[in-house]
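# Per-entry structural report
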Amino acid sequence: FQVTFVEAIADGDLVELRFSARIFQQSTQFNLFIQDSGDGEGLRQKVDPGDATDQVASNSNVVALPVVGDLLINKTLQSLVLSPNGDGVNERIELVLDVVNVAVPRPLQLGVYTLSGQLVYEEMQQVVAGPQMLSWDGRDHAGQLVPPGIYLLNIRISGDAREQNQRHIASVVY
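Now for a description of the structure that goes with this document.

Procedures and definitions
Residues numbered from 1 in each chain as written. Predicted model: local features only at pLDDT ≥ 70, side-chain atom pairs only at ≥ 80, totals over all residues. Heavy atoms only, no water. Helix = DSSP H or I, 4+ residues; strand = E, 2+ residues; numbered from the N terminus. Buried < 20%, exposed > 50% of the residue type's maximum accessible area, 1.4 Å probe, protein only. Contact = heavy atoms within 4.5 Å. Polar contact = N/O pair within 3.5 Å; in protein donor to acceptor, adjacent residues only side chain to side chain.

For N74, which is not glycine, the phi torsion reads 55° and is therefore positive. Mapping N74 onto the fold places it in strand β5 (residues 72–77). Given a relative accessible area of 53%, N74 falls into the exposed group. Its identity is not glycine, yet N90 carries a phi of approximately 50°, on the positive side.

Our focus in this paragraph is the environment of Q132. Counting through the fold element by element, Q132 comes out in strand β10 (residues 130–136). In this structure the C-alpha to C-alpha distance between Q132 and L108, which are 24 residues apart in sequence, comes to 9.1 Å. Those residues in contact with Q132 that lie beyond four places of it in its chain are L95, V96, L97, V99, L108, Q125 and V127. A polar contact is formed between the side chain of Q132 and the backbone oxygen of V128, at a distance of 3.2 Å. Within the structure, Q132 has its side chain in polar contact with the backbone oxygen of G130 (distance 3.5 Å).

See below:
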């Protein structure tokens, strides 16, 4: 993003910018450049992290995430009741979540199982840290609607150090 100041920043002036951003990677670095738009040339100068003043507690432009073991966070589900009958209501289950601390593509999988443990549907994506969406429309591997009943949804991601699973119960009704 770009910030424009009405007056030029003088040597020794301290500028503090506060903003919000969604961070998905541990040690995310924010790079900053200063440019004098009034000089006609538009030359940019990089702002280096460091101990520029004792008025600031930090000397870094790197943001750290809280240390947690979760790779899947901020999950939202529209509905766990599926009625795939073509009326436009509850036609699919959508799972929206954030993947964090996954730097190289890893498999994110949604598996749908019967209560007896039979896999009826699977969706897999190669993902890195960021917002993701998985969905199920009530169909099996062959594209046929599954019978009404209760199904287990298993979301799984494999990270560098561990694998994480989240399970939910969904109902299919007609």
